[in-house]
Every structure is written in structure tokens, then in C-alpha cells.
Amino acid sequence: MGLLKTALIGAAVYGAIKYMTKKDENGRSIVDNIKDKAPEWMEKAKNIKDEFKTELERQRY
């Protein structure tokens, strides 16, 4: 049972990686798009963190 389970998990991971790295008609993959948008998402997350921190400080006093 363990070998079958490991084989199924391995096949699922392989399929997911193959899907994520498959190139579309523009020659870009999902991973490429995520890499391009990651810095923008990090800045948004930092802004949300700062807003949350100031809100907590405001509630504390």
C-alpha cells in the first residue's frame, strides 16, 4: 500500500510541475508569470503588514 501511495503522489507532483512549466503560445509559463508578479505581491504584503501594525498600535492606546 505504501508503494502505491508513493507512486500516486509522485505522479501527481510530476503532473503539477509539468503543467506549471508548460509554455503557452507566448512562450511563457505559469511559473514565469509568478516570478514576474512576486515583487509586486511582496510590496503589497509589506504595506498590509505596516497598516496592520499601525492599527494595532492605535488600538493599544
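Refer to the structure printed above.
Residues numbered from 1 in each chain as written. Predicted model: local features only at pLDDT ≥ 70, side-chain atom pairs only at ≥ 80, totals over all residues. Heavy atoms only, no water.

Description of the overall build of the protein
For clarity, the cut-off: A run of H or I in DSSP becomes a helix once it reaches four residues, and a run of E becomes a strand once it reaches two; helices and strands are each numbered from the N terminus. We compute the radius of gyration over the C-alpha atoms and compare it with the globule rule, which gives 2.2 Å times the number of residues raised to the power 0.38. Working definition: with a 1.4 Å probe on protein chains only, accessible area under 20% of the residue-type maximum means buried, over 50% means exposed, and in between means partly exposed. Residues scored as positive are Lys and Arg, those scored as negative are Asp and Glu, and His as well as the terminal groups of each chain are ignored. One atom stands in for each charge, and that atom is NZ of Lys, CZ of Arg, CG of Asp or CD of Glu.
Regarding its fold elements, the protein presents 2 helices and 0 strands. Here the C-alpha atoms of the protein give a radius of gyration of 20 Å, more than 25% beyond the 10 Å that 2.2 N^0.38 yields for 61 residues. Residues classed as buried in the protein amount to 3% of the 61 residues present. Where the 13 positive side-chain charges of the protein centre and where its 10 negative ones centre are 7 Å apart.

With respect to helix H2 (residues 30-60)
Each full turn of the α-helix corresponds to 3.6 residues, which orients residues three or four apart in the same direction. Applied cut-off: Multiplying one less than the number of residues by 1.5 Å gives the expected span of a helix. For a residue, the bend is simply the angle between two axes, fitted respectively to the seven-residue segment ending there and the seven-residue segment starting there.
Between the first and last C-alpha of H2 there are 43 Å, a value that for 31 residues agrees with the 45 Å anticipated at 1.5 Å per step. The largest bend along H2 reaches roughly 40° and is located at Lys 37, with the proline Pro 39 sitting one to four residues downstream.

Some thoughts on the environment of Tyr 19
Structurally, Tyr 19 is set in helix H1 (residues 2-21). Overall, Tyr 19 belongs to the exposed group, its relative accessible area being 52%. In this structure, the C-alpha to C-alpha distance between Tyr 19 and Glu 51, residues 32 residues apart in sequence, is 37 Å.

Some details on the pattern of salt bridges
Operational definition: Whenever a carboxyl oxygen of Asp or Glu lies within 4 Å of a side-chain nitrogen of Lys or Arg, that contact is scored as a salt bridge.
Taken as a whole and assessed by the stated rule, the structure comprises 4 salt bridges. The shortest N-O distance in the salt bridge between Glu 40 and Lys 44 comes to 3.6 Å. Of this pair, Glu 40 and Lys 44 both sit in helix H2, 4 residues apart, roughly one helical turn. With its nearest N and O atoms 3.3 Å apart, the salt bridge here joins Glu 55 to Arg 58.

Considering the packing of H1 against H2
This is how the line gets drawn: Working convention: axes come from line fits to C-alpha atoms, limited for helices to the stretch in contact. Angles between N-to-C directions cover 0 to 180 degrees. Each angle receives one of four descriptions, namely roughly parallel if under 35 degrees, roughly antiparallel if over 145, roughly perpendicular if within 65 to 115, and oblique otherwise. We call two residues in contact when some of their heavy atoms are within 4.5 Å. The residue classification treats Ala, Val, Leu, Ile, Met, Phe, Trp, Tyr, Cys and Pro as nonpolar and Asp, Glu, Lys and Arg as charged. All others, Gly included, are polar.
Relative orientation of the contacting elements H1 and H2 amounts to 70°, with a least axis distance of 5 Å. One finds that H1 runs roughly perpendicular with respect to H2. Contact residues: Tyr 19, Met 20 and Thr 21 in H1; Ile 30, Val 31 and Ile 34 in H2. Here the residues of the contact of H1 with H2 are counted per class, giving 5 nonpolar, 1 polar and no charged.

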